[in-house]
Each structure stands twice: as C-alpha cells, then as structure tokens.
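# Summary of structural features
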Amino acid sequence: MDKIDESKLSETMDIIDRIAEIFETGANEDYDNEFQELQVRLRALTGKSDINISSFAEYWSWTSLEELARSVLMPTPEKQGLSDEEISEIVTDICECGYSDSELAYYLEMLKLETGLVDIYNYIFYPNMVGLDYGADTEDIIEKILLDKKNLF
C-alpha cells in the first residue's frame, strides 16, 4: 500500500542526495545557502515544514536513497478512528513484514495515535517489555494492544 506521489520521488531523491553530498564536504547547514535552498524546495515538494535535513547525512549507512525519499514523501499520520479489525490488520501486516521501512514508520505512528500507546513499538517488536512472552505470536500481541487501548480510553 503506497501512500506517496510517485511523480515526486525522483526529485526528492535528487534533493536528498545533494544534501548528503554537501554534508560530505563538511558544510554547515546553518551557514550554507544551498542547504537552505534545498530545504525550501524539499518542504514545498512534500508539504512538510518540519523536515530535518541533518538526518540525511550519510543516509546510506542505514537506508537506501529511494527508501529515505519515500519516507519523506509519506503523509503525516493522523488519527482516523480505526476499528479494532483495522488495527488488527495493520499489526498483522507489521508482524508479517508486509511493509517497507517508510510504510512501517508511518503505520507505527498511526498505531500510536489510534491506540494511545506511546510504546507501540515495544508491543510488536519487544512484547516482553509489555508483559508478554518475548516470542508472543501475532494474536497475543493484537489482543494485548486492544486490551491496553481500551484501558486507556
């Protein structure tokens, strides 16, 4: 399930790659005019005013250029009032590795908003941190998330 405008992907990748190249020269984002111009272009392209370009330095050490661009282009998650079934489907897809890295970050944030569980990451990846067995299966994780969600509201 891709939530980005594919027509913006190439330009976003070019901007991110150029920002990373400038960081490689040792330039400082606060004093380099090209940084500022690239940041303005990227914010206009994505519609996001809170993009932190310093996170693009040496991106290749933790992700690919395309995946980073996709992450930047993903919309900001908003609470939608998802049903328990919809939440269960998202958790299942996460547990079954059904999302790319950019989609994973989006859906984890969405789950945090939908459930009120600020440590939603732990429920899925470290269930022992929330009172489950480390090897808990997907159904146990979903049950715990829905139970704790109900207890918050």
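Look a little higher up for the structure.
Summary of the structure given here. Computed from a predicted structure; not experimentally measured.

## A short note on a negative patch on the surface
Together, Glu85, Glu86, Glu89, Asp93 and Glu96 give the surface a local cluster of negative charge. Within the secondary structure, Glu85 is located in helix 4 (residues 84-95).

## A few points about the packing of helix 4 against helix 7 (residues 138-152)
Viewed as axis vectors pointing N to C, helix 4 and helix 7 meet at an angle of 140°, and their least axial separation amounts to 10 Å. Classified by the angle their axes make, helix 4 and helix 7 are oblique. Of the two elements, helix 4 crosses helix 7, and the hand of that crossing is right-handed. Seen from helix 4, the contacting residues are Asp84, Ile87, Ser88, Val91, Thr92 and Cys95; seen from helix 7, they are Thr138, Ile141, Ile142, Ile145, Leu146, Lys149 and Lys150. Residues belonging to the contact of helix 4 with helix 7 are distributed by class as follows: seven nonpolar, three polar and three charged.

## Digging into the environment of Val130
On the secondary structure map, Val130 appears in the loop between helix 6 (120-125) and helix 7. Considering only alpha carbons, one finds Val130 and Ile145, 15 residues apart in sequence, at a separation of 9.5 Å. Those residues in contact with Val130 that sit more than four places away from it in its chain are Asp119, Asn122, Tyr123 and Lys144.

## With respect to the environment of Ile142
Following the sequence through the fold, Ile142 ends up in helix 7. On the basis of relative accessibility, which here comes to 7%, the residue Ile142 falls in the buried class. Taking the C-alpha atoms as reference, Ile142 lies 6.7 Å from Val91; in sequence the two are 51 residues apart. The residues touching Ile142, leaving out its near neighbours within four places in the chain, are Ser88, Val91 and Thr92.

## Structural notes on the packing of helix 3 (residues 65-73) against helix 5 (residues 101-115)
It is at 8 Å that the axes of helix 3 and helix 5 come closest, and there the two elements cross at 30°. The angle between helix 3 and helix 5 places the two elements in the roughly parallel class. Classified by chirality, the crossing of helix 5 by helix 3 is right-handed. Packed against helix 3, whose contacting residues are Glu67, Arg70 and Ser71, the element helix 5 presents Asp101, Ser102 and Glu103 at the interface. Partitioned by chemical class, the residues of the contact of helix 3 with helix 5 number no nonpolar, two polar and four charged.

What counts and how
- Residues numbered from 1 in each chain as written.
- Predicted model: local features only at pLDDT ≥ 70, side-chain atom pairs only at ≥ 80, totals over all residues.
- Heavy atoms only, no water.
- Patch = residues over 30% accessible without salt bridge, like charges linked within 9 Å, V, L, I, M, F, W, Y side chains within 5 Å.
- Areas by Shrake-Rupley, 256 points an atom, 1.4 Å probe, with all protein chains shown as cover.
- Salt bridge = Lys/Arg side-chain N within 4 Å of Asp/Glu carboxyl O.
- Lys, Arg positive; Asp, Glu negative; His and termini not counted.
- Charge placed at Lys NZ, Arg CZ, Asp CG, Glu CD.
- Helix = DSSP H or I, 4+ residues; strand = E, 2+ residues; numbered from the N terminus.
- Axes fitted to C-alpha atoms, helices over the stretch in contact; angles between N-to-C directions.
- Parallel < 35°, antiparallel > 145°, perpendicular 65-115°, else oblique.
- Left-handed = near helix turned anticlockwise from the far one by under 90°.
- Contact = heavy atoms within 4.5 Å.
- Nonpolar A, V, L, I, M, F, W, Y, C, P; charged D, E, K, R; others polar.
- Buried < 20%, exposed > 50% of the residue type's maximum accessible area, 1.4 Å probe, protein only.

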